[in-house]
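Chain and residue survey
So you can see what is in the structure, the chains are spelled out below.
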Amino acid sequence: MSMKKRLRALCATGAVVAALTVTQPLPAGATSTAPAAFTHPGVLVSKPQLDFVRGKVLAGEQPWKGAYDQMMASSSASLTRTPKPREIVECGSSSNPNYGCTDERQDAVAAYTQALAWYITRDERHAKKAIELMDAWSATIKDHTNSNAPLQTGWAGSTWPRAAEIIKYTYTGGWTDSGRFATMLRNVYLPEVINGAPSKNGNWEMIMTEAALGISVHLEDKASYDKAVAKFRGRLPAYVYLRSDGAQPAYPPGSSIDTTAELVNYWQGQSAFSWDGLSQETCRDFGHTGWGLAAATHIAETARIQGQDLYPEAKDRLRHALGFHAKLENGGAVPSTLCGGAVNKGLGRITEVGYNALRNRMGIGMTETGTYTLSHRPSATDNYFVAWETLTHADNPE
């Protein structure tokens, strides 16, 4: 047994604490601590961002008005929607069995949709519907079970705090059971996602970390916030490769993977590391890769709102990963040494947040990502955890 595996075995018994924590060195001036005071609303979208969106929609400007109209025409925005909570949500691989998995994800997205609709329209019926959805689940759910439980918890747990932040901090009509909802996040969701999934495909840990960060902001839990940021800093170099990393990508921190052969297997059999932006899941499919990249940009966006800007240290991995996959989606030739010369496309509409942050705020040239993003507007919802991002983040300077 290798030394790393011996340490992991000890960690599993509690004999070694944080022995294998791996993080990137902090850039000059960066902080490793949670904010002294959390910003609310502050999960993925801030009040200045929401005000920008509202102004554009009310003025009828594009692409925001078109994105808003698409959102309002969706079932998630329906005022007759009935929540479908379950005490135990059981989700196996690929959500089979599916006992409440789809219902939970869709109700979480619907709560966020209703919260956005409330903020833009000021029609309190939407705020009350968001509250109805959140209250129904907080009064019912006790656990997630089966093999997909961590990922399912991450999907829903990424979205619930966005809705809760908007309602709690902008709706003055009152939310009686907001404390019960916070307790649900702390007791049902946070324990399932806070420690990540080191040996799973990287989109799992990115999504779980996004959920942990958003929940930490809503709960104002500084220790969990710091742990989520550290998890992100360790996972990103193990998820997105840069040629400056050397001959191979980083090993996933805390995993049992510690040989080149194991790493190649983990990277879906890809042994040629020749491209900036190659992802651990590129040769699996672009759909799962897109989820991982979406969660990574969501994490950076939430941290930025909280005053801890992770984009400067993450920008090269994010810009190259988005550009590398967008170029292939745009019709670029697949190298013969990449995934056996064939890739499974379908990145999804996941580029708005990263493109806005990197291209518009930071001035980084992102031609391929720009072409892809503009051709896929307005971005809708996939009923997992990516929703309405043309509306919330297109050209948003805030």
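Below is a summary of the structure that appears in this document. (Residues numbered from 1 in each chain as written. Predicted model: local features only at pLDDT ≥ 70, side-chain atom pairs only at ≥ 80, totals over all residues. Heavy atoms only, no water.)

**Re the packing of helix α2 (residues 47-58) against helix α4 (residues 101-121)**
In contact at an axis separation of 9 Å, α2 and α4 are set at 65 degrees when each is read in the N-to-C sense. Regarding the angle of α2 to α4, the classification is roughly perpendicular. Between α2 and α4 the crossing geometry is right-handed. Two secondary-structure elements touch here, α2 through K47, L50, D51, V53, R54, V57 and L58 and α4 through L116, Y119 and I120. For the contact of α2 with α4, the class distribution of residues is seven nonpolar, no polar and three charged. (Axes fitted to C-alpha atoms, helices over the stretch in contact; angles between N-to-C directions. Helix = DSSP H or I, 4+ residues; strand = E, 2+ residues; numbered from the N terminus. Parallel < 35°, antiparallel > 145°, perpendicular 65-115°, else oblique. Left-handed = near helix turned anticlockwise from the far one by under 90°. Contact = heavy atoms within 4.5 Å. Nonpolar A, V, L, I, M, F, W, Y, C, P; charged D, E, K, R; others polar.)

**Describing the nonpolar core**
The biggest cluster of nonpolar side chains holds 115 residues, and the ones touching the most others in it are M134, W160, I166, I167, M184, Y189 and L391. Among the elements that take part in this core, α4 stands out by supplying twelve residues, more than any other. Discounting chain neighbours no more than four positions away, the residues touching M184 are W137, S138, I141, W160 and Y189. (Core = buried A, V, L, I, M, F, W, Y, C linked by side-chain atoms within 4.5 Å. Buried < 20%, exposed > 50% of the residue type's maximum accessible area, 1.4 Å probe, protein only.)

**Quick look at the packing of aromatic side chains**
Applying the stated rule across the entire model yields twelve aromatic pairs. Relative to Y384, the ring of W155 has its centre 4.7 Å away and its plane inclined at 70 degrees; by these criteria the two rings are edge-to-face. Of this pair, W155 sits in helix α6 (residues 149-170) while Y384 sits in the loop between α14 (367-375) and α15 (389-393), and the two are 229 residues apart along the sequence. The exposure class assigned to W155 is buried, which follows from its relative accessible area of 3%. Seen from their ring centres, Y241 and F273 are 5.7 Å apart, and the 50 degrees between their planes marks the pair as tilted. (Phe/Tyr/Trp six-rings, centres within 6.5 Å; stacked < 30°, edge-to-face > 60°.)

**Considerations on unusual backbone geometry**
The omega torsion of the bond from Q62 to P63 falls at 10 degrees, within 30 degrees of zero and hence cis. Within the secondary structure, P63 sits in the loop between α2 and α3 (64-72). Cis geometry marks the peptide bond from R377 to P378, where omega comes out at -5 degrees. Looking at where P378 falls in the secondary structure, it is placed in the loop between α14 and α15. The phi torsion at S94 lies on the positive side, around 55 degrees, for a residue other than glycine.

**Some remarks on the side chain of Q270**
Tracing the backbone through its elements, the reader meets Q270 in the loop between α10 (260-266) and α11 (286-305). Within polar-contact distance, the side chain of Q270 engages the backbone oxygen of A272 at 2.8 Å. At a separation of 2.9 Å, a polar atom in the side chain of Q270 contacts the main-chain amide nitrogen of C339. Not counting residues within four places of it along the chain, the set of residues in contact with Q270 comprises V264, W275, L278, C283, T337, L338 and C339. (Polar contact = N/O pair within 3.5 Å; in protein donor to acceptor, adjacent residues only side chain to side chain.)

**What to know about the sheet that holds strand β4 (residues 98-99)**
With mixed pairing, the three strands of this open sheet are ordered in space as β4-β3-β5. One side of each edge strand has no neighbouring strand; the edge strands of this open sheet are β4 and β5 (143-145). Note that strand β3 (residues 88-91) and β5 share three bridges and pair parallel. When the bridges of β5 are listed, I88 appears paired with D143. Across the face of the sheet, α4 comes into contact with β3, β4 and β5 while running at roughly 110 degrees to β3. Along the sheet, α6 contacts β3 and β5; its crossing angle with β5, the most-contacted strand, is approximately 135 degrees. (Pairing = 2+ DSSP bridges.)

**A closer look at the packing of helix α5 (residues 124-138) against α6**
Running from N to C, α5 and α6 point in directions that differ by 130 degrees, and their axes come no closer than 11 Å. The pairing of α5 with α6 is recorded here as oblique in orientation. Where α5 crosses over α6, the handedness of that crossing is left-handed. Residues A127, A130, I131, L133, M134 and W137 of α5 pack against W160, A163, A164 and I167 of α6. Broken down by class, the residue content of the contact of α5 with α6 amounts to ten nonpolar, no polar and no charged.

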